[in-house]
Structure formats: structure tokens, C-alpha cells
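Chains, contacts and geometry: an overview
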Amino acid sequence: MCTSIIFSPKDHYFGRNLDLDITFGQQVVITPRNYPFKFRKMPSIGHHYAIIGIALDNNNYPLYFDAANEMGLGMAGLNYPGNATYYKEKEGKDNIASFEFIPWLLGQAANIKEAKKILSTINITDINFSEKMIASPLHWLIADKTGKSIVVETDKDGMHIYDNPIGCLTNNPQFPKQLFNLNNYADVSAATPKNNFSSQIELSDYSRGLGSRNLPGGMDSESRFVRATFNKFNAPISDNEVENVDTYFHILHSVEQQKGLDQTAPDTFEYTIYSDGTNLDKGIFYYTTYTDKQIKVVDMHKENLDADDLIVFDMINKPTFKYQN
Ligand SMILES: C[C@H](CCC(=O)NCCS(=O)(=O)O)[C@H]1CC[C@H]2[C@@H]3[C@H](O)C[C@@H]4C[C@H](O)CC[C@]4(C)[C@H]3C[C@H](O)[C@]12C
């Protein structure tokens, strides 16, 4: 499972937890403006917005999991099994394979308004990247530096583009159902609850935190959707980049999956491989990994964004301890 959010305390931070039971050898990849993006059914784009994010560098082709461009538009693909449907090529449409969707949109759109325009002519096709790497069933959270976000789901009945009023996405079920489910948690609060149970019974607030007792704690996607949304909307807001980045990671880590809790096969467990976030206003990319919670930083503007070759950084995974004696 995965969780993606946009958090807007002052600047806007967009990214995700990537939860899986296998790792692909992903890296931090910057695609500079003059890297030629090739598409299976559309003409190449020789000049485009620069992009930073996590990708699998497959023979010099960036297969992005999540990314943001230099204009402050971000996009993440999350598993959507059983629902995601990709279509046959359609005449008169821009036929884009699911693995090309992130480069196509982030290469050309500066914000949600422009993304919606591009989306109106897209047909997401069922073309596989290769025989070994078949199309993944995904849906996408897309957000910009105004704090707005949308969700794109390609279901059996066609493509849906939903405005996302809460800036959060996990996995199944469909986004409108996830949003509706929040109604069940209207009584969850950061404050000490009042006794609405009965005025005839005396109840005591024997512990702090009783207002959030009914937050769902599971690893499942509905629980993470509710928890991430509650935690985000109750998070402190600061003027300070370091404090805001720190809070952003607290939100993502509050829904992270510890190894051993989500079994996918005998002796195999899904876990949060990495958490990342881009400051959409400044083009600064931050990440942590399961084994190294120290926040790592890659500033896209410190690189030559007019280059034509991918710029790749290995993810730092080594646990860091600060010994005090
Ligand atoms: C599995 C990842 C999503 C994480 C997630 O939602 N996990 C939940 C698993 S589950 O529901 O609980 O089973 C997705 C996100 C981006 C995906 C990758 C990107 O789309 C890039 C390529 C696309 C190729 O078609 C397949 C390999 C791949 C390299 C994808 C592998 C995998 O499907 C990724 C890594």
C-alpha cells in the first residue's frame, strides 16, 4: 500500500510513502529540460520542464514512481489493483502508456489547470514497458504549488478526474468512496471528548488523547486514508522550512508500515521502503528510507537543468546513529 499527500503549511510539500514487499533498485532521478522524452505512440518531446523524483533508471529511460517538475506540479502513482483499467489505442486521442503518464504530464503542465487541459485529450493505453515489466495497476494524485490537487482514476467505465479537497490518496477503493468514508470519523478529535454518551453516566477522561481513540490503526488503505488526513489537518504550521519538512515527514511516518505487520506471502511483508517530499515552491527534494530516517536533500536547482542526460543519485540507506558517549 502507499500513501501520498500534499501538505501546505507555507510552502507546499508533495510526495508519498512507497510501501511494497520488493524493491526495484529505484534512485533519485533528475530529468533535465533537454533530455529527449520518447513516447510509444506520440512524438518525442525534446525540450520540456525539468523533473525530479524517484524512478527506476531502465537503460537511460526514467520509469517514475513519483515526481515533481520545476514549475511546482507533482504526481505520484499508487497501486489501484482490480480497478485500474488501461485502454486500447484510440484515434484522435493522445495515446499515452501508463508508464509514460508522469513524464508526459510533468514535462508539459505547469499547474493543475494546465494538467486538466492535457488530461482532456489523453487516452491511457495498455502498452507494457516490456515483456518483463508489464503495466502496473495505478491511480494518481496530482498537486501543484497553490495546494490544489486532483485524483486520476481510469476505471472500467472510463477516466475520472476528481478534485481532491483533502490532498491525500492511498489505494483501493475508488477515491469517492474513500472520501465518503471520512464521514464515519466526524467525532474524532485532537481535543478531550465531551461525554455525549449519556448525561446519566459519569465518564472520566482518564487518559490524554481519548479524542483520537477511534482513529483506525490498520495498515489497510482505508485506515491509512483516514489517519493521514486527520494527522495532516491537525499538524502544526510554521514559517520555518526545517520545522515544516519535519512535520511533513511526521505525517507520512504516522502511516508508515513497519516490517512484520502486513504479510503478503509466507515470510514476506510489505513495508515502507521510502518516504519522500518535494518542496514544490523551491524544487528541493527530501527523502527518508526504512533504514535511515535522517532526511536527505537533493536540490534540483543545484544541477544543470539544461543538460540532456539523466542525473542520478543512489538512495542513502545506511542507518545513522549519533553516539553521545
Ligand atoms: C507498487 C508501487 C505502488 C506502491 C503501492 O501502492 N503498493 C501497494 C501494494 S498493494 O496494493 O498493497 O499490493 C508502484 C508505484 C510506481 C510503480 C512503478 C512505476 O509505475 C514505473 C514502472 C512501470 C512499469 O509498467 C512496471 C514497473 C514500474 C517500475 C512500476 C512498479 C510498481 O508498480 C510501482 C513501484
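Residues numbered from 1 in each chain as written. Predicted model: local features only at pLDDT ≥ 70, side-chain atom pairs only at ≥ 80, totals over all residues. Heavy atoms only, no water.

In the annotation of an unreviewed UniProt entry, the entry for the protein reads choloylglycine hydrolase, and the organism field reads Lactobacillus kitasatonis. Under the heading Pathway (unreviewed entry), UniProt records this for the protein: "Lipid metabolism; bile acid biosynthesis." (UniProt positions renumbered as here; feature names shortened; annotations may be inferred.)

Moving on to the pairing of strand E5 (residues 61-69). Burial analysis of E5 places nine of its nine residues in the buried class, the great majority of the element. Pairing geometry for strand E4 (residues 51-58) and E5, over eight bridges, is antiparallel. Its bridge partner lying in E5, Gly53 is registered against Ala67. Hairpin connection, E4 to E5: the antiparallel pair is bridged by two residues, and Asn59 has positive phi, about 50°. As judged from the three bridges shared by E5 and strand E6 (residues 73-79), these two strands associate in the antiparallel manner. When the sheet's bridge partners are listed, Ala67 is paired in E6 with Met75. If you look at the hairpin formed by E5 and E6, you'll find three residues sitting between the two strands, and Gly72 has a positive phi there, around 95°. (Buried < 20%, exposed > 50% of the residue type's maximum accessible area, 1.4 Å probe, protein only. Helix = DSSP H or I, 4+ residues; strand = E, 2+ residues; numbered from the N terminus. Pairing = 2+ DSSP bridges.)

Attention shifts here to the side chain of Asn17. If you trace the backbone, Asn17 turns up in strand E2 (residues 13-20). Judged by relative accessible area, Asn17 falls into the buried class, the value being 0%. In this structure the side chain of Asn17 is engaged in a polar contact, spanning 2.8 Å, whose partner is the backbone oxygen of Leu252. Those residues in contact with Asn17 that sit more than four places away from it in its chain are Cys2, Thr3, Leu252, Val255, Glu256, Thr272, Tyr274 and Ser275. (Polar contact = N/O pair within 3.5 Å; in protein donor to acceptor, adjacent residues only side chain to side chain. Contact = heavy atoms within 4.5 Å.)

Glancing now at the packing of helix H1 (residues 101-108) against helix H2 (residues 112-119). Running from N to C, H1 and H2 point in directions that differ by 130°, and their axes come no closer than 9 Å. Classified by the angle their axes make, H1 and H2 are oblique. Considering the relative orientation of H1 and H2, their crossing is right-handed. In contact with Phe101, Trp104, Leu105 and Gln108 of H1, H2 contributes Glu114, Ala115, Ile118 and Leu119. Residue composition of the contact of H1 with H2, grouped by class: six nonpolar, one polar and one charged. (Axes fitted to C-alpha atoms, helices over the stretch in contact; angles between N-to-C directions. Parallel < 35°, antiparallel > 145°, perpendicular 65-115°, else oblique. Left-handed = near helix turned anticlockwise from the far one by under 90°. Nonpolar A, V, L, I, M, F, W, Y, C, P; charged D, E, K, R; others polar.)

A few words now on the state of the cysteines. Under the defined criterion, the tally for this structure stands at zero disulfides. Cys2 supplies the cysteine sulfur nearest to Cys168, a cysteine that is in no disulfide, at a spacing of 12 Å. Judged by its relative accessible area of 0%, Cys168 is buried. (Disulfide = S-S within 2.5 Å.)

Ranked by internal contacts, the top residues of the largest apolar core, which has 85 residues, are Phe101, Trp140 and Ile142. Considering each element in turn, this core owes the most residues, six residues, to E5. The contacts of Phe101, once residues within four sequence positions are left out, are Met75, Ile96, Leu119, Ile122, Ile124, Trp140 and Val152. (Core = buried A, V, L, I, M, F, W, Y, C linked by side-chain atoms within 4.5 Å.)

A few words on the environment of Met133. Within the secondary structure, Met133 is located in the loop between strand E8 (122-125) and strand E9 (138-144). Spatially, the C-alpha atoms of Met133 and Phe99 are 10.0 Å apart, while their sequence positions differ by 34 residues.

Turning next to the packing of aromatic side chains. Applying the stated criterion to the full structure yields 16 aromatic pairs. Between the aromatic rings of Tyr86 and Trp140, the centroid separation amounts to 6.4 Å while the plane-to-plane angle is 45°, which identifies the pairing as tilted. With Tyr86 in the loop between E6 and strand E7 (94-97) and Trp140 in strand E9, this pair connects stretches of sequence that are 54 residues apart. By the burial criterion, Tyr86 is buried, and Trp140 matches it. For the pair Tyr271 and Tyr290, a centre-to-centre distance of 5.1 Å together with 75° between the ring planes defines the contact as edge-to-face. Placement of Tyr271 in strand E15 (residues 271-279) and of Tyr290 in the loop between strand E16 (284-289) and strand E17 (296-299) is noted, with a sequence separation of 19 residues between them. Tyr290 gets classed as partly exposed once you look at its relative accessible area, which sits at 22%. Taken together, the ring pairs in this structure connect Tyr35, Phe37, Phe39 and Trp104 into an aromatic cluster. Above the plane of the ring of Tyr87 lies Lys90, whose end atom (NZ or CZ) is 5.1 Å from the centre. Here the basic side chain of Lys259 rests over the ring of Tyr271, its NZ or CZ set 4.6 Å away from the ring centre. (Phe/Tyr/Trp six-rings, centres within 6.5 Å; stacked < 30°, edge-to-face > 60°. Lys NZ or Arg CZ within 6 Å of the ring centre and 35° of its normal.)

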